[in-house]
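Listed here are the chains, written in short residue letters.
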Amino acid sequence: MIYESYKDARAAFLQAARDRSAAISEHPLSEARGREGEVLAMDVAVIGEPAAPKVLLVVSGEHGLEGLPGSGAQLDLLLRMPDPPKDTKVVLVHALNPWGVSHGSRGNEDNVDVNRNFLDFEVPYVRNVAFDEIFPFMCPQDWTDDAVDRAAANGKRVQEEHGGAFLLTGTTGGQRHEPTGTNYGGAGPSWTRRTLEQIVAEHLASCEKVAFVDWHSGFGAHGELFHLCTHAEGSEALDRVATWWGRDAVTRNATAFQGAGGALPNWQGMFATFLPGLIPNAAVAGSVIEFGTFPNTEVRAAIMIDRFLRFGRTNRSSMSREALREQMLTAFAPTDPAWRGAILARAFEAHQKALEGLAAW
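Residues numbered from 1 in each chain as written. Predicted model: local features only at pLDDT ≥ 70, side-chain atom pairs only at ≥ 80, totals over all residues. Heavy atoms only, no water.

Looking now at the sheet that holds strand 3 (residues 54-59). In spatial order, the strands read 1-2-4-3-6-8-7; together these seven strands make up an open sheet with mixed pairing. The open sheet has two edge strands, strand 1 (23-28) and strand 7 (225-228), and neither has a second partner. Across the sheet, the mean angle separating the axes of adjacent strands is 20 degrees when strand polarity is ignored. Looking at chain direction, strand 2 (residues 41-48) and strand 4 (residues 88-94) are connected through six bridges and run antiparallel. Directly across from I47, in strand 4, lies its bridge partner V90. Taken strand by strand, helix 13 (residues 337-360) contacts strand 3, strand 4, strand 6 (209-218), strand 7 and strand 8 (283-292), and its axis lies near 160 degrees from that of strand 3. (Pairing = 2+ DSSP bridges. Helix = DSSP H or I, 4+ residues; strand = E, 2+ residues; numbered from the N terminus. Axes fitted to C-alpha atoms, helices over the stretch in contact; angles between N-to-C directions. Contact = heavy atoms within 4.5 Å.)

The final tally for this structure, using the stated rule, is 18 salt bridges. With its nearest N and O atoms 2.9 Å apart, the salt bridge here joins D239 to R247. Looking at D239, the relative accessible area reads 33%, which means it is partly exposed. Given a relative accessible area of 37%, R247 falls into the partly exposed group. Between K353 and E349 there is a salt bridge, with its nearest N and O atoms 3.4 Å apart. With K353 and E349 both in helix 13 and four residues apart, this pair spans about one turn of that helix. E349 gets classed as partly exposed once you look at its relative accessible area, which sits at 41%. (Salt bridge = Lys/Arg side-chain N within 4 Å of Asp/Glu carboxyl O. Buried < 20%, exposed > 50% of the residue type's maximum accessible area, 1.4 Å probe, protein only.)

Listing the buried residues of helix 10 (residues 271-278) in full gives F271, A272 and L275. Buried positions in helix 10, seen along its axis, are confined to an arc of 90 degrees and lie on one side of it. (Arc of directions from axis to C-beta.)

On to the packing of aromatic side chains, then. Counted under the stated rule, the structure contains 11 aromatic pairs. Ring geometry for F118 against F274: centres 5.6 Å apart, planes inclined by 50 degrees, an arrangement best described as tilted. You can see F118 sitting in the loop between helix 3 (98-103) and helix 4 (129-138) and its partner F274 sitting in helix 10, a full 156 residues away along the chain. The class for F274 is partly exposed, based on a relative accessible area of 22%. Taking 6.3 Å as the distance between ring centres and 50 degrees as the angle between the ring planes, the aromatic pair formed by F219 and F226 counts as tilted. In this pair, the class of F219 matches that of F226, namely buried. Every member of this aromatic cluster is reached through a ring pair, and the members are F219, F226, F257 and W267. In this structure, R80 packs its charged tip against the face of F348, placed 3.7 Å from the ring centre. (Phe/Tyr/Trp six-rings, centres within 6.5 Å; stacked < 30°, edge-to-face > 60°. Lys NZ or Arg CZ within 6 Å of the ring centre and 35° of its normal.)

Here helix 7 (residues 191-203) spans 18 Å end to end across 13 residues, near enough to the 18 Å set by a 1.5 Å rise per residue. Taken residue by residue, helix 7 has W191, T192, R193, T195, L196, I199, V200 and H203 as its buried positions. Elements that come into contact with the buried residues of helix 7 comprise strand 1, strand 2, strand 4, helix 3 and helix 10. (Expected span 1.5 Å × (residues − 1).)

Shown next as C-alpha cells:
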C-alpha cells in the first residue's frame, strides 16, 4: 500500500517491521518538524542475522517528492518477503529525506538535493555554468500559465547552442552556488548524508557482499521500472546486476531523457556512486530504480513548481497554489490505483531478483 502522508507511511513501516520482529533503529531529525507537526526521522529495519556476510540494502525518499512510492515498496517487502537465508540480511532505510517526504518537496529542510550531496567537499567546486544558463527559466520568480512552455523553448535553444549533455547537466546534474535553485548540492554534508553514513557503518561495514536498490520515481514508462544504473561499462558490478535484472534493463541510461539524442548529464554527488567508497572491503552491486510516471516535460514542470512554491514571489497563473501543489505531487506519486498496483508488483519482483542474485553470489 502507498500512503498519502509521511506520517501514515512511517507508522505503517514501523508497525510492519515490529510485526516481522525486525531490529529497528530510529534516527530523529531534531531541527525540523513535519507538515502535520509530526516528528521526522530516518528509520532502519533489519531482518536477518546481524553478522550476515551478505546484505540487501533498500533505501527510499532521497528526493522527498518521490518518497511515498518508495516507502510503499519497502512496506510491501516487509509484509511479503520470506525470511532471508542465514548468510543474508535485509536492511531497509526508510525516508532518507523525511522533511521532503512530509512536506512534499524534492529537497530537504535546507533545499539541499541530498542525492547531489554525496561529494568530497574538500575538492574545490567547479561551477556548473550550465545551471547558470537554465536558472532564469527553470526557477522563475513569478509563475504564469506559460512558464513551462517558456522553459521548454529556452531549453531547446540551449540544447541547440551547447548540446544535450550541457542542457541536462544544467537541469539535473547538480550545482552548489545557488541555494534557492534546483539540484542544490549544499555547502557541506547534510543531516541525511551524516546519518546514512552512520547507518552504513553500523550495518554494512563488516559485510562482504552488498546488493542495493535505491528507489526513486519520475523516469521511465508509466507504471514500469527504469533502472538508472551507475556501474561502469565492463565492470564486474554491471555484469552482476545484469544477471539479476537483465542487461537491457541496466544499460539503457541513455533513453532516460526524451529528445536529448542519447545524451546524459554529468551527475554529481549521488549516493549510489558514493556507497562503494563507504564500504571499501565489500563487493557492491545494485541500481537506482525509478518508478515510471509521466514524460520528462511533465516531471520537469513538477520540479519547477516545487522550486516556485518554496522560493517564488507571485502566482500569476490561472491555477491556485494548492492546485499547483497537487500537480507536482501527482507527477511523482500518481494516485491511479492501477499505477500503484503495477509498481508495487514490479518492485517486489525486483527485490526478489536481487535476493536470488545475492544468494547465488
